[in-house]
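# Coordinates in review
In case you want the letters, here they are:
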Amino acid sequence: MAYKIVKSQCTACAACEPECPNNAIREKDGTFIIKPEKCTECIGYFDDPQCVAVCPVENTCIIDAGCPRYQATA
Amino acid sequence: MRKAIDVSIGVVQEMKPLDKVMQKMAEHKGCGMSAGSGKASCGSAAGQGDLAPEVWEKVKNHPCYSEEAHHHYARMHVAVAPSCNMQCNYCNRKYDCANESRPGVVSEKLTPQQATRKVLAVASAIPQMTVLGIAGPGDPLANPEKTFKTFELISKAAPDIKLCLSTNGLALPDHVDTIKNLNVDHVTITINMIDPEVGAEIYPWIFYKHRRIKGREAAKILTERQLQGLDMLTERGILCKVNSVMIPGINDRHLVDVNKAVKSRGAFLHNIMPLISSPEHGTVFGLTGQRGPSAQELKDLQDSCEGQMNMMRHCRQCRADAVGLLGEDRSAEFTTEKIMAMDVNYDADTRKAYQQMVEQERRSKVAARQDGLSQLAGETSDIRVLVAVATQGSGRINEHFGHAREFQVYELSTGGAKFVGHRRVDLYCRGGYGEEDSLPTVIRAINDCHAVFVAKIGGCPRGELIQAGIEPVDRYAHEFIEQSAFAWFKGYLDRVKRAEIRHAARGDADIRQGAYVVA
Ligand code: SF4
Ligand code: SF4
Ligand code: SF4
């Protein structure tokens, strides 16, 4: 699974973009989006997913159940 | 849109003693103006002259630090910093940072390049614009690249413009050296507490070292970082002002301790602002029904801190992309679309010539004030009254009652006039009294005043003001504020003495909710 951003809630504040260790976040059409193939859920980098920790709007960066779970390669 | 301020050169008196008087005024900057008598009622405990000459030199033309300067010079903000690294209970991040702006305001976000163009466009159109600030919409130091790039570009293109910065302080210690290198001359830190117990009620979380931290632990880190940042700025000789939001029942009494702590660390000015909270803003405090202070509560707290240090009373909590003098907001003339189409011709010489004219006007105002004060010489009375003034700037009573977007409030006593604050009455408010008639709103906002000074007033509002016990005074139209106020006050005291009127205290007044927005 990767994380995704709920478009209707995103304020486009850009706080998440520079925090992502994988450069998975970018602006698109006035809000921010996560590229699922790049998102590692921050595993191997930080204890908390950074986008979730910094986002000012609760439940905006959420697990995308539709994506396969990220497998950390040891 | 407002016409440019009129700078008519009136009585230009001899100039030698005036610089001295100006310096004295600067010592009282925090509270706008005060008696010219030796002992300043608003100086710090360190006594007179606590503002070193080099500090005065830096702030004398700074509209955000001196209400007096705000009559003559303008500041602007550019909104290049959208994100934030923490959450305050009085902020809804759909809007701008509530530490600097009124809640509920959305500013137009700019890139550093767009911001630079905007600054040049405004500086060319408004020669009084001397200060550029970055204060949001989020926290400038949570967006260090954008913030510092903007400063760099502007200091290259327009080196005469002063740079300032406002921050919540969390990231401040990491950036102090960059701030110093870029020649930023003022920093504002919002400090609402120094006790983590209090902080936990104000800040639900911070984002620090890649973690979201909550509660007491978060507040402890925040206060340590804020005070460390303040120490570091003072060590490097960068002027630092502290903002605090007064939240009744949470930090109102505690702010007296905050005041002592920041003063001892070298902050040169403390600005206590009222919490502005209404449910429509969608903030935690708005939803829990946390109220803001009344005008009287705010003034009492500011007065009780005043023995400690210079207090600032004129902060308008303007929006992150504000442009203009005093209460005006000309940001609508300088939208991104318009500045991109504008033919910008930045001319430092024209600006300088204009500013010299302004200085002359300021000197004649000081002379007039001295003259007015001399009329009260020999009077002794315990009477203190508040009066409201309608002005467009230049230190004169030059606004029509019905056009005023705000009133400036002064406290008059035989010792002199002290600027107490301004009361907003603009009709563009989203929350609050938008639906009602404007006159009762105005009366509520200046209900603690005995008189209101205006350039002109219609018959209808005149009658209602008199009925409410507020004397409308239009005989000093276009004259200097303080000189006129002293003349009126002398007459008031005489009437009391002759028992024509009886002096009675007035009630409290409302602090207007909602943001400065151009209709
Ligand atoms: S969870 Fe981590 S890796 Fe995935 S988008 Fe958010 S910050 Fe980037
Ligand atoms: S931090 Fe949240 S609100 Fe801000 S841009 Fe990212 S997803 Fe949107
Ligand atoms: S620091 Fe400013 S932008 Fe950040 S949460 Fe507080 S009020 Fe809002």
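All values derive from a computational prediction rather than experimental measurement.

With that settled, the discussion passes to the pattern of salt bridges. All names here are of chain B. Overall, the coordinates contain 21 salt bridges over all chains when judged by the stated rule. The salt bridge partner of Arg 216 is Glu 197, with a shortest N-O separation of 2.5 Å. Placement of the pair is Arg 216 in helix H8 (residues 215-235) and Glu 197 in helix H7 (residues 196-202), with a sequence separation of 19 residues. On the accessibility criterion, Arg 216 (42% relative accessible area) is partly exposed. Given a relative accessible area of 47%, Glu 197 falls into the partly exposed group. Overlapping salt bridges, with partners in common, bring together Lys 299, Asp 303, Arg 384, Glu 411 and Lys 418 in one network.

Moving on, we come to the packing of aromatic side chains. All names here are of chain B. Per the counting criterion, the structure on display carries four aromatic pairs over all chains. Ring centres of Phe 401 and Phe 407 lie 5.7 Å apart, and the angle between their planes is 45 degrees; this geometry places the pair in the tilted category. Overall, the relative accessible area of 6% leaves Phe 401 in the buried class. Here Phe 407 falls in the buried class, since its relative accessible area comes to 0%. Chaining the aromatic ring pairs together yields one cluster made of Phe 453, Tyr 476, Trp 488 and Tyr 492. In this structure, Arg 212 packs its charged tip against the face of Trp 205, placed 3.7 Å from the ring centre. Its guanidinium or amino end placed over the ring of Phe 480, Arg 396 lies 4.1 Å from that ring's centre, counting from NZ or CZ.

Before going further, it helps to spend a moment on the confidence of the model for chain B. Residues and elements named next belong to chain B. Of all residues in chain B, 76% have pLDDT values of 70 or greater, and the mean over the chain is 77. Low pLDDT, under 50, characterises residues 427-436; the stretch is placed with 18 contacts to residues that sit more than four places away or in other chains. Under a pLDDT of 50 for its full length, residues 514-519 has, in the predicted model, 25 contacts with residues more than four places off or in other chains. Interface scoring of the predicted complex returns ipTM 0.89; its pTM is 0.72.

All names here are of chain B. An order of S14-S13-S12-S15-S16 is seen for the five strands of this open sheet, with the pairing classed as mixed. Two strands in the sheet have a free side with no partner beyond their single neighbour: strand S14 (416-424) and strand S16 (471-473). Strand-to-strand twist across the sheet, computed as the mean angle between neighbouring axes with direction ignored, equals 25 degrees. As judged from the three bridges shared by strand S12 (residues 385-389) and strand S15 (residues 451-453), these two strands associate in the parallel manner. Considered in S15, the bridge of Val 389 is made with Phe 453.

Taken together, 13 residues lie near ligand 3, and Cys 84, Cys 88, Cys 91, Cys 97 and Ala 98 of chain B sit nearest. Among the residues making up the shell around ligand 3, the classes are represented as eight nonpolar, four polar and one charged.

The next thing to look at is the packing of helix H4 (residues 112-125) of chain B against helix H5 (residues 144-157) of chain B. Residues and elements named next belong to chain B. Two elements in contact, H4 and H5, have axes whose closest approach is 9 Å; the angle formed by their N-to-C orientations is 40 degrees. The handedness of the crossing between H4 and H5 is right-handed. Packed against H4, whose contacting residues are Pro 112, Gln 113, Ala 115, Thr 116, Val 119 and Leu 120, the element H5 presents Lys 146, Lys 149, Thr 150, Leu 153, Ile 154 and Ala 157 at the interface.

The next thing to look at is the pairing of strand S3 (residues 129-134) of chain B. Residue and element names in this part refer to chain B. A large share of S3 lies buried, amounting to six of its six residues. Pairing of strand S1 (residues 74-77) with S3, which is carried by four bridges, proceeds in the parallel orientation. Residue pairing for S3: Met 76 is matched across the bridge by Leu 132. What joins S3 to strand S4 (residues 162-167) is H5, and the crossover it makes is right-handed.

Rules and cut-offs
Residues numbered from 1 in each chain as written. Chains lettered and ligands numbered in written order. Predicted model: local features only at pLDDT ≥ 70, side-chain atom pairs only at ≥ 80, totals over all residues. Heavy atoms only, no water. Salt bridge = Lys/Arg side-chain N within 4 Å of Asp/Glu carboxyl O. Helix = DSSP H or I, 4+ residues; strand = E, 2+ residues; numbered from the N terminus. Buried < 20%, exposed > 50% of the residue type's maximum accessible area, 1.4 Å probe, protein only. Phe/Tyr/Trp six-rings, centres within 6.5 Å; stacked < 30°, edge-to-face > 60°. Lys NZ or Arg CZ within 6 Å of the ring centre and 35° of its normal. pLDDT = per-residue confidence, 0-100. Contact = heavy atoms within 4.5 Å. Pairing = 2+ DSSP bridges. Axes fitted to C-alpha atoms, helices over the stretch in contact; angles between N-to-C directions. Near = heavy atom within 4 Å. Nonpolar A, V, L, I, M, F, W, Y, C, P; charged D, E, K, R; others polar. Left-handed = near helix turned anticlockwise from the far one by under 90°. Right-handed = clockwise from strand over helix to strand, strands pointing away.

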